[in-house]
Amino acid sequence: EDKVVQSPLSLVVHEGDTVTLNCSYEVTNFRSLLWYKQEKKAPTFLFMLTSSGIEKKSGRLSSILDKKELFSILNITATQTGDSAIYLCQAGTALIFGKGTTLSVSS
Amino acid sequence: KAGVTQTPRYLIKTRGQQVTLSCSPISGHRSVSWYQQTPGQGLQFLFEYFSETQRNKGNFPGRFSGRQFSNSRSEMNVSTLELGDSALYLCASSPTTNTGELFFGEGSRLTVL
């Protein structure tokens, strides 16, 4: 059975901290791993990773995929209150999501 | 370009009733997928439609059904509602199936009393 596991499920940090969110997966016909941010209702796309070891970056956010160990991490440096959200990991083609990590950043 | 539109945004039903939710994808997108989101459970995959055909189905009872029309608009139906069906139902579209980024609608918040 396909599955995606995210950890931690929730996290509370102070502004300026660096956080690492984890996503491990076991899916058949893996093609890509995607990260989304959900602030209120609609999740919005952050990254899509298809190749192992290649880091994707967007501002303070970065992500990398390890296809041998079947996991990905999402790093957020110098966190801000606007980073407070649920971060979702999805294994592509399977349309399977993890339960998400709820990040709360306090000022 | 208009985003994914879901209607209604909020609705309240009682146990035993049925409900139909609608999703209009981004113009040109032919794949539509549906998800149930409840606190602590993340997004649980319901089904995916592409060119009016159901391609994949999640592990939900037969009370949950869906369809896609020739214009790619999709509906999902839940019959004989139970209290546990209370959730945010999200629809997502993408240009084709088995490709990357999903574009989500704002969701339909269903409350079953």
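See the structure above.
In this report, the structure presented in the accompanying data block is examined. (Residues numbered from 1 in each chain as written. Chains lettered and ligands numbered in written order. Predicted model: local features only at pLDDT ≥ 70, side-chain atom pairs only at ≥ 80, totals over all residues. Heavy atoms only, no water.)

## A closer look at the interface of chain B and chain A
With 21 residues of chain B in contact, the opposing surface of chain A contributes 16 residues. Taken together, both faces of the contact between chain B and chain A bury some 1,600 Å²; the carbon and sulfur share is 59%. At the boundary of chain B with chain A, the tally comes to zero salt bridges. When residues of the side of chain B that touches chain A are traced back to their parent elements, those giving at least two are strand E4 (31-38), strand E5 (42-50) and strand E9 (87-94) of chain B. The leading source of residues in the side of chain B that touches chain A is E5(B), at four residues. Tallied by class, residues from the side of chain B that touches chain A come to eight nonpolar, eight polar and five charged. (Contact = heavy atoms within 4.5 Å. Buried area = accessible area lost by both parts, 1.4 Å probe. Salt bridge = Lys/Arg side-chain N within 4 Å of Asp/Glu carboxyl O. Helix = DSSP H or I, 4+ residues; strand = E, 2+ residues; numbered from the N terminus. Nonpolar A, V, L, I, M, F, W, Y, C, P; charged D, E, K, R; others polar.)

## Looking at the pattern of salt bridges
All names here are of chain B. In total, this model carries seven salt bridges over all chains according to the counting rule given. A salt bridge links Asp85 to Arg63, with the shortest nitrogen-to-oxygen separation between them at 2.8 Å. You can see Asp85 sitting in the loop between strand E8 (74-78) and E9 and its partner Arg63 sitting in the loop between strand E6 (53-57) and strand E7 (64-68), a full 22 residues away along the chain. What makes Asp85 buried here is its relative accessible area of 4%. By relative accessible area, which is 15% here, Arg63 ends up buried. The residue Glu75 makes a salt bridge to Arg67 at a minimum N-O spacing of 3.3 Å. Via salt bridges that share partners, Arg63, Glu82 and Asp85 belong to a single interconnected network. (Buried < 20%, exposed > 50% of the residue type's maximum accessible area, 1.4 Å probe, protein only.)

## Quick look at the environment of Tyr36(A)
Inspection of the secondary structure assignment puts Tyr36(A) in strand E4 (residues 33-38). For Tyr36(A) and Leu88(A), which are 52 residues apart along the polypeptide, the C-alpha to C-alpha distance reads 5.0 Å. A polar contact of 2.9 Å, which involves the side chain of Tyr36(A), links it to the backbone nitrogen of Leu102(B). (Polar contact = N/O pair within 3.5 Å; in protein donor to acceptor, adjacent residues only side chain to side chain.)

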